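# Per-entry structural report
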Amino acid sequence: MSDTLLAFKAGRAYRRPGSNFVDARLEKGAVILSNGDDGLLHFMWKNRTTGNIEEDLILFPSDASFVKVPQAGPGRVYVLKFSSSDQRHFFWMQDASSARDDEFVANTNGLLDDPDYALQWGTSQEQQQPEASTSASSSTTAPPQFQATREQLDQFAAILRNAGSGTSAPQAPELSLTDILTPAVLGPLFNTHPELIPALFPHLPPDLPMPPSAEVLGRIINSPQFRSALSNFDQALRTGLLGNLVRGLGLPEEAGTGVAAFLRAVQEQADQERDGMETD
């Protein structure tokens, strides 16, 4: 079974015969890089309307690169080109925001050079807080590296309010799951709601210390592995291709079409379960 490494929304574009003009096609699509069943890196284009994989290219390390087309000016057009041939495959970014284009491109090129490349997310935003001094007082653990600000929480609340209303309010900057599910937000939940801990442990690695404790979960949510997995899930949600996966979580298929849709569905499911408990 193939293992998806990276995915992002992108349409296809084609060069006009006999010219350097590139015309974008309107189909909704996604670029997907995966480790195939054959053990090779596959660069695929999936039609998000039909669900069909319409291009599947097998790539060898360092043979291809994914670069912006300079002639497109401010346009978000990129080309997959090869050092071993004259092949050119053109794509245009379909995410509403261009904020993560550079990250998608850098991670794509990282995988094209080395399929074992570790994806890097949010590197421009994480040049932040200096590490706590080791001479600072003592028995408490170091503060989490990720802190939710009041502004971020207000933006998250605005997303949910606007999603549930029919009005078109000014759009708040889109948040990622790593902005919302920070150690500062999750950590207190394990202390104030200890009943959550046994429910979470069946979904965690089997070699964790027993019995389950808030301290163990605190170490997990502060680990680089957890932050990386959360970033990967966030990026997968943004492709709009996780409908089948979220159905397995008991959520409607539309919950797999984006971060806001996923969070809204989780909130609705929690509200329904709470209402059911109150009427029992």
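The rules behind each value
- Residues numbered from 1 in each chain as written.
- Predicted model: local features only at pLDDT ≥ 70, side-chain atom pairs only at ≥ 80, totals over all residues.
- Heavy atoms only, no water.
- Helix = DSSP H or I, 4+ residues; strand = E, 2+ residues; numbered from the N terminus.
- Buried < 20%, exposed > 50% of the residue type's maximum accessible area, 1.4 Å probe, protein only.
- Contact = heavy atoms within 4.5 Å.
- Areas by Shrake-Rupley, 256 points an atom, 1.4 Å probe, with all protein chains shown as cover.
- pLDDT = per-residue confidence, 0-100.
- Patch = residues over 30% accessible without salt bridge, like charges linked within 9 Å, V, L, I, M, F, W, Y side chains within 5 Å.
- Salt bridge = Lys/Arg side-chain N within 4 Å of Asp/Glu carboxyl O.

### Concerning the overall build of the chain
Looking only at helices and strands, the chain features nine helices and eight strands. Going through the 280 residues of the chain one by one, you find that 35% of them count as buried. Put simply, of all contacts in the chain between residues at least 6 apart along the chain, 45% involve residues at least 24 apart. Looking at the chain as shown, the accessible area adds up to about 17000 Å², and 54% of this sits on carbon and sulfur atoms.

### Digging into the confidence of the model for the chain
Mean pLDDT over the chain: 75, with 69% of residues reaching 70 or higher. No element of the chain has a lower mean pLDDT than helix H2 (residues 150-164), which averages 51, and none a higher one than strand E6 (residues 64-68), which averages 94. Between residues 163-169, whose pLDDT stays under 50, and residues either more than four places distant or in other chains, the model counts three contacts.

### A look at a nonpolar patch on the surface
The grouping of Leu189, Leu196 and Leu200 at the surface amounts to a nonpolar patch, some 200 Å² of accessible area in total. Of note, Leu189 is situated in helix H4 (residues 183-192).

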